[in-house]
Amino acid sequence: MKNVLITTDFNDLSLNACLKFCKFMFKDSDTNYSLLHVSEDIGFFGKLLGQQEVQEDVQKLHFAELKKNIKTLYGLEVTPYIRKGRITGEINRFIQANAIDLLVVGTSNTGLNTIGANTHKLIRTAEIPLMTVAVNIEPKPIKNILLPLELNLSSRQKVPNAIKWAKEYGAKITIIIGSWDGIETDQRKRLEYTASKTEDFILSKGVECHVVKMPTLAQSKDFANEVIKYMNEEDNGVDLCIVMGRDISTDFAADPRAQDVVRFAKVPVVCVPLKKSGMDVAFL
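Residues numbered from 1 in each chain as written. Predicted model: local features only at pLDDT ≥ 70, side-chain atom pairs only at ≥ 80, totals over all residues. Heavy atoms only, no water.

(A) Here's a closer look at the overall build of the protein. The secondary structure content of the protein amounts to nine helices and ten strands. The buried share among the 284 residues of the protein stands at 49%. In the protein, the proportion of contacts linking residues at least 24 apart, taken out of those at least 6 apart, comes to 81%. (Helix = DSSP H or I, 4+ residues; strand = E, 2+ residues; numbered from the N terminus. Buried < 20%, exposed > 50% of the residue type's maximum accessible area, 1.4 Å probe, protein only. Contact = heavy atoms within 4.5 Å.)

(B) Region of the structure containing the nonpolar core. Formed by 48 residues in total, the largest nonpolar core has its most connected members in Ile6, Trp165 and Ile173. By residue number, the principal contributor to this core is helix α1 (residues 12-25), which donates seven residues. Not counting the four nearest positions on each side in its chain, isoleucine 6 is found in contact with Leu15, Cys18, Leu19, Cys22, Tyr33, Ser34, Leu35, Leu36 and Val104. Ile123, Ile128, Leu146 and Ile228 belong to the second-largest nonpolar core, a separate cluster that totals 35 residues. (Core = buried A, V, L, I, M, F, W, Y, C linked by side-chain atoms within 4.5 Å.)

(C) Region of the structure containing helix α8 (residues 222-232). A large share of α8 lies buried, amounting to eight of its eleven residues. Along α8, the residues that are buried comprise Asp222, Phe223, Ala224, Val227, Ile228, Tyr230, Met231 and Asn232.

(D) Molecular detail of the confidence of the model for the protein. Confidence in the prediction of the protein, expressed as mean pLDDT, is 81, and 80% of residues score 70 or more. Low confidence marks residues 247-253, where pLDDT is under 50. Its contacts with residues over four positions away, or in another chain, come to 21 contacts. pLDDT under 50 marks residues 277-281. Its contacts with residues more than four places away, or in other chains, come to 15 contacts. (pLDDT = per-residue confidence, 0-100.)

(E) Examining the pairing of strand β8 (residues 209-213) more closely. Note: strand β7 (residues 172-177) against β8, five bridges, orientation parallel. Considered in β8, the bridge of isoleucine 173 is made with cysteine 209. You can see the chain leave β7, run along helix α7 (residues 185-204) and come back into β8, and the turn it takes is right-handed. (Pairing = 2+ DSSP bridges. Right-handed = clockwise from strand over helix to strand, strands pointing away.)

(F) Structural context of the pattern of salt bridges. The tally for this structure, following the rule as stated, stands at eight salt bridges. With a shortest N-O distance of 2.8 Å, lysine 20 and glutamate 138 are connected by a salt bridge. You can see lysine 20 sitting in helix α1 and its partner glutamate 138 sitting in the loop between β5 (130-134) and β6 (144-148), a full 118 residues away along the chain. Given the relative accessible area of 52%, glutamate 138 is considered exposed. Of the charged contacts in the structure, one is a salt bridge between aspartate 239 and lysine 140, with a shortest N-O distance of 3.4 Å. Of this pair, aspartate 239 sits in the loop between α8 and β9 (240-247) while lysine 140 sits in the loop between β5 and β6, and the two are 99 residues apart along the sequence. (Salt bridge = Lys/Arg side-chain N within 4 Å of Asp/Glu carboxyl O.)

(G) View of helix α4 (residues 87-97). Among the residues of α4, Ile87, Thr88, Glu90, Ile91, Asn92, Phe94 and Ile95 are the ones counted as buried. Packing partners of the buried residues in α4 comprise β1 (3-7), β2 (32-39), β3 (78-84), β4 (102-107) and α5 (117-125). Where α4 ends, the next residue or the one after it, alanine 99, has phi of about 50 degrees, a positive value.

(H) Summary view of the side chain of threonine 31. Mapped onto the fold, threonine 31 is located in the loop between α1 and β2. Assessed through its relative accessible area of 10%, threonine 31 is described here as buried. Setting aside chain neighbours within four positions, we find threonine 31 in contact with Met1, Lys2, Val4 and Phe26.

(I) Representation of the packing of aromatic side chains within the structure. Inspection of every chain in the model, using the stated rule, returns two aromatic pairs. With a centroid separation of 4.9 Å and an interplanar angle of 65 degrees, the aromatic rings of tyrosine 81 and phenylalanine 94 are classed as edge-to-face. Of the two residues, tyrosine 81 sits in strand β3 while phenylalanine 94 sits in helix α4, which places them 13 residues apart along the sequence. (Phe/Tyr/Trp six-rings, centres within 6.5 Å; stacked < 30°, edge-to-face > 60°.)

(J) Here's a closer look at the environment of serine 196. Along the chain, the position of serine 196 falls in helix α7. For the pair serine 196 and histidine 210, spaced 14 residues apart in the sequence, the C-alpha separation amounts to 8.8 Å.

(K) View of the environment of leucine 76. For leucine 76, the location among the structural elements is in the loop between α3 (51-74) and β3. Setting aside its immediate chain neighbours within four residues, leucine 76 contacts Leu19, Cys22, Lys23, Tyr33, Ile70 and Lys71.

(L) Molecular detail of the packing of α4 against α5. At a minimum axis separation of 9 Å, α4 and α5 run at an interaxial angle of 45 degrees. Looking at the two axes, α4 sits oblique to α5. Both α4 and α5 take part in a crossing whose hand is right-handed. Contacts from Ile87, Thr88, Ile91 and Asn92 of α4 reach α5 at Asn118, Lys121, Leu122 and Thr125. Of the residues contributing to the contact of α4 with α5, the split by class is three nonpolar, four polar and one charged. (Axes fitted to C-alpha atoms, helices over the stretch in contact; angles between N-to-C directions. Parallel < 35°, antiparallel > 145°, perpendicular 65-115°, else oblique. Left-handed = near helix turned anticlockwise from the far one by under 90°. Nonpolar A, V, L, I, M, F, W, Y, C, P; charged D, E, K, R; others polar.)

This is the structure:
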């Protein structure tokens, strides 16, 4: 990754998780790091009393100190930026203006397993891959990438991203599929055929790959739960999960099932924006 953007709301736990991961995963690269904080407008009366200017001065001093501490603690040279406005809108504008390749955001999902409203919006709106890193995740080598696969054609658009990550880190790819009661036999066969052809394609790119088929599920929404269970089971050795984010052609709103994958993940999750397709979208 040439240009990585880390966002911060000055939550030390979330920022620490992102920095530890970046130091560990990109240590041998010439990655450029941008650290962005977006300050929301404090309103008319706050401006009238000069609170906005005081707040911005404090943030600038905080950022100057933070940059030095990051260099000392993590050995990372970051370029800090402060923007003012709507958080997700300003982040997306920064991404477009600075040729960002990867957006890294921290999630504090150790307690109630929730993700912040801004992270939720970024998953739905970002036009580049977005990685979520929970505060309780310790960095480890990426050796096994989990790739949930559904029947929709759009579900396969994340395959090139998985191959890119796998080649970068010498990892294998595990495709996971599931069928459920009531699914037509023809659809079941098509899903298995799709998984097999995707496996062949990945193998043809020189990446180790195999398919894991879940036992028959009660209903389709159970697939996300099974993905979460498989992803978080230590014996399965999953180090990274790749799902799909926004469909740029349809202003697709992220599937709540995929939000659960992000919320409950004990490994980093990469959300890949879909290319313009106009097709039905399956986030997983």
